[in-house]
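# Working through the structure, step by step
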Amino acid sequence: MLEYLSSLIIQFIETTGYWGIFLLMTLESALIPIPSEITMPFSGFLVSRGELSFPIVVLSGAIGNLAGSLIAYGLGFYLEEHFILKLIDKYGKFVLLSKDEYLKGVHWFQKYGNSIAFFSRLLPAVRTFISLPAGLSEMNIWKFSIYTLLGSFIWSLFLTYIGFTLGKNWHSLEPYYRKFEYGLVALFILAVLFYLNHKLKIVKFKS
């Protein structure tokens, strides 16, 4: 199934170029299970062949992620939580989103605050559904957009660069990516701890 999906994504990007990258990354952030781990590295491979421009590929991916995240943010903002949970129960299996994952996102957002909108963009899986609790919490949309765009830009840059470096062997990324995933999680935890420590120092200073 994954090979078939990869083949469709590759053909789509080859046919549509930057607009295809934008659309695929929009769909990914709008809770449609289209892996950026295929979209962006293959786009980087096309850059290595001189068919696409590196900066425009990265921007297309980042802006696409922002567009899709705003769609998911809107769902969280305008819909009641019980209705969202009903939708997840009914259709979650089709977009690979479970109630537990959603509730985990809500918990992370309540625990770590607005900064999670940035850090989550650097984490696999979490990055695709964090926009729902952000909308539900009515996070300031401008802050949400800035954090999301910055995090998505780093993510798109990273994956595009790997695809560009690997060249025709871009598809060999997956096993290495899974190992790197643990590093990303560790980096995220360290960043959160640093942020919380900084906040606690400010609170102590004020008191």
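Note that the coordinates shown come from a computational prediction; the quantities given were computed from them, not determined experimentally.

Positionally, Leu87 belongs in helix H5 (residues 81-91). For Leu87, a relative accessible area of 32% puts it in the partly exposed group.

What follows deals with the nonpolar core. One finds Ile13 and Ile21 to be the most contacted residues of the largest nonpolar core, which totals 17 residues. Contributing elements (two or more residues each) for this core: helix H1 (2-16), helix H2 (18-29), helix H3 (36-48) and helix H10 (141-166). Among the elements that line this core, the one with the most residues is H3, at 6 residues. Those residues in contact with Ile21 that sit more than four places away from it in its chain are Ile13, Thr39, Met40, Ser43, Leu52, Val57, Ser60 and Gly61.

What follows concerns the packing of helix H4 (residues 54-78) against H10. For the pair H4 and H10, the least separation of the axes is 8 Å and the interaxial angle reads 140°. In terms of orientation, H4 and H10 fall into the oblique class. For the crossing formed where H4 meets H10, the hand is right-handed. Every residue of H10 that contacts H4 at Phe54, Val57, Val58, Leu59, Gly61, Ala62, Ile63, Asn65, Leu66, Ser69, Leu70 and Tyr73 is listed here: Ile141, Phe144, Ser145, Thr148, Leu149, Ser152, Phe153, Ser156, Leu157, Thr160, Tyr161 and Phe164. Class assignment of the residues belonging to the contact of H4 with H10 gives a composition of 16 nonpolar, 8 polar and no charged.

Here we come to the confidence of the model for the chain. Taken residue by residue, the chain gives an average pLDDT of 76. The fraction at 70 or more is 72%. Least confident of the elements in the chain is helix H11 (residues 173-206), whose mean pLDDT is 50; most confident is H4, at 93. pLDDT under 50 marks residues 176-185. Its contacts with residues more than four places away, or in other chains, come to 10 contacts. Residue range residues 202-207 is modelled with pLDDT below 50. Its contacts to residues more than four positions away, or to other chains, number 0 contacts.

For the rest of this paragraph, the subject is the side chain of Thr160. Inspection of the secondary structure assignment puts Thr160 in helix H10. We classify Thr160 as buried; its relative accessible area is 0%. What Thr160 contacts, discounting residues up to four positions off in sequence, is Met40, Gly44, Phe54, Val57 and Val58.

Another aspect to go through is a nonpolar patch on the surface. A cluster of nonpolar side chains, namely Leu59, Ile63, Leu149, Phe153, Ile154 and Leu157, defines an oily patch on the protein surface of about 460 Å² accessible area. Residue assignment for the nonpolar patch shows that the elements contributing at least two residues are H4 and H10.

Given a rise of 1.5 Å per residue, 26 residues ought to cover 38 Å, and the 37 Å separating the end C-alpha atoms of H10 matches this to within 8%. Listed in full, the buried residues belonging to H10 are Phe144, Ser145, Thr148, Gly151, Ser152, Trp155, Ser156, Leu159, Thr160, Ile162 and Gly163. Between the side-chain oxygen at the start of H10 and the backbone nitrogen of Trp142 there is a gap of 2.9 Å, and the oxygen is on Asn140.

With that out of the way, let us pick up the environment of Leu79. Looking at the element boundaries, Leu79 is found in the loop between H4 and H5. The sequence separation of Leu79 and Gly135 amounts to 56 residues, and the corresponding C-alpha distance is 9.1 Å. For Leu79, the contacting residues outside a window of four places in its chain are Ile84, Leu87 and Leu136.

Between two packed helices, both the angle of their axes relative to each other and the distance between the axes serve to describe the pair. Remark: H2 packs on H3, axes separated minimally by 10 Å, with the N-to-C direction vectors making an angle of 160°. Considering their axes alone, H2 and H3 lie roughly antiparallel with respect to each other. For the pair H2 and H3, the crossing hand works out as left-handed. The segment H2 lies against H3, with Ile21, Leu24, Met25 and Glu28 engaging Ser36, Thr39, Met40 and Ser43. Looking at the contact of H2 with H3 residue by residue, the class counts come to 4 nonpolar, 3 polar and 1 charged.

Basis of the calculations
Residues numbered from 1 in each chain as written. Predicted model: local features only at pLDDT ≥ 70, side-chain atom pairs only at ≥ 80, totals over all residues. Heavy atoms only, no water. Helix = DSSP H or I, 4+ residues; strand = E, 2+ residues; numbered from the N terminus. Buried < 20%, exposed > 50% of the residue type's maximum accessible area, 1.4 Å probe, protein only. Core = buried A, V, L, I, M, F, W, Y, C linked by side-chain atoms within 4.5 Å. Contact = heavy atoms within 4.5 Å. Axes fitted to C-alpha atoms, helices over the stretch in contact; angles between N-to-C directions. Parallel < 35°, antiparallel > 145°, perpendicular 65-115°, else oblique. Left-handed = near helix turned anticlockwise from the far one by under 90°. Nonpolar A, V, L, I, M, F, W, Y, C, P; charged D, E, K, R; others polar. pLDDT = per-residue confidence, 0-100. Patch = residues over 30% accessible without salt bridge, like charges linked within 9 Å, V, L, I, M, F, W, Y side chains within 5 Å. Areas by Shrake-Rupley, 256 points an atom, 1.4 Å probe, with all protein chains shown as cover. Salt bridge = Lys/Arg side-chain N within 4 Å of Asp/Glu carboxyl O. Expected span 1.5 Å × (residues − 1). Polar contact = N/O pair within 3.5 Å; in protein donor to acceptor, adjacent residues only side chain to side chain.

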